[in-house]
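# Structural overview for review
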Amino acid sequence: SNKEAVEWVDRWPSWPSPVIAIYGPPGAGKTHLGVIFIEKTHARIPDLSNPTRWIEKPEGPWLIDDFEKFIDRVGEEALLHFFNSVIEAQGKMLLIGRHPPSKWNLLLPDLRSRLLAVISVEISSPDDTLLAAVLVKLLKDRQLNVNTEVIMYLLARMERSFTAAGNLVDILDNLALSERRAITIPLVKRVLNNWK
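Everything in this summary refers to the structure shown in the same document.

### Considering the pairing of strand β3 (residues 92-97)
Remark: a regular strand shows side chains that alternate across the two faces of the sheet. By the criterion of burial, β3 is predominantly enclosed, with 6 of the 6 residues buried. Neither face of β3 is open: one carries Lys92, Leu94 and Ile96, the other Met93, Leu95 and Gly97, and all of them are buried. Of the pairings in the sheet, the one linking strand β1 (residues 19-23) to β3 comprises 5 bridges and is parallel in character. Bridge assignment links isoleucine 20 to a residue of β3, and that residue is leucine 94. As paired elements, strand β2 (residues 61-64) and β3 share 4 bridges and run parallel to each other. Bridge pairing links isoleucine 64 to leucine 95 in β3.

### Quick notes on the packing of aromatic side chains
The geometry of an aromatic ring pair comes down to the distance between the two centres and the angle between the two planes. Counted under the stated rule, the structure contains 5 aromatic pairs. With centroids separated by 5.7 Å and ring planes inclined at 15°, the aromatic side chains of tryptophan 15 and phenylalanine 37 adopt a geometry described as stacked. Highlighted residues: tryptophan 15 in the loop between α1 (3-11) and β1 and phenylalanine 37 in helix α2 (residues 30-41), separated in sequence by 22 residues. Assigned by exposure class, tryptophan 15 and phenylalanine 37 land together as buried. Between tryptophan 62 and phenylalanine 82, the ring centres sit 4.9 Å apart and the planes meet at 90°, which makes this aromatic pair edge-to-face. Of the two residues, tryptophan 62 is situated in strand β2 and phenylalanine 82 in helix α5 (residues 76-88); the sequence distance between them amounts to 20 residues. Each member of the pair, tryptophan 62 together with phenylalanine 82, is buried. An aromatic cluster is present here, built from Trp12, Trp15 and Phe37 joined pairwise through their rings. The side chain of arginine 157 reaches across the aromatic face of tyrosine 153, ending 3.6 Å from its centre.

The rules we used
- Residues numbered from 1 in each chain as written.
- Predicted model: local features only at pLDDT ≥ 70, side-chain atom pairs only at ≥ 80, totals over all residues.
- Heavy atoms only, no water.
- Buried < 20%, exposed > 50% of the residue type's maximum accessible area, 1.4 Å probe, protein only.
- Helix = DSSP H or I, 4+ residues; strand = E, 2+ residues; numbered from the N terminus.
- Pairing = 2+ DSSP bridges.
- Phe/Tyr/Trp six-rings, centres within 6.5 Å; stacked < 30°, edge-to-face > 60°.
- Lys NZ or Arg CZ within 6 Å of the ring centre and 35° of its normal.

The structure is reproduced here in structure tokens:
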């Protein structure tokens, strides 16, 4: 579900466009991908308290996470100046949001046309293979051994997001620890019933 987005991050700095937009539902791993982008590129995040500084030093890679909220906080005019400055300085920018740029509620025609021209990549909710791998990793990170049947039981009944996987593992770990028992299907069933 995130293969194409990961490939774009890996392809940096050889992007055919100075700006890439990655979008998808909450809990799909967009912010995690943004963290990977920062680690790989040393990208900066615009300081909301000082928009003038971005325009003065626009070069280099940038990351804007939760783009829709970012627009609300800084305004379209400031964003348009920043966008133009980054492109003129031959910088790169990764935008992350819940919706594709075509759905972003923009009033400035120049900003709208520029954002409609960026490459947009969707991250959908994780499929079973990816979600199973995430569950196994989260459990192993806590030194918890859980059999395959428990993972399959969880997959068939849980919300399809990385956030839900993390929350479930946290609850299961705490409950298993407090009751001094293994994570089994009956324990998972009880957690899922209380979750709803």
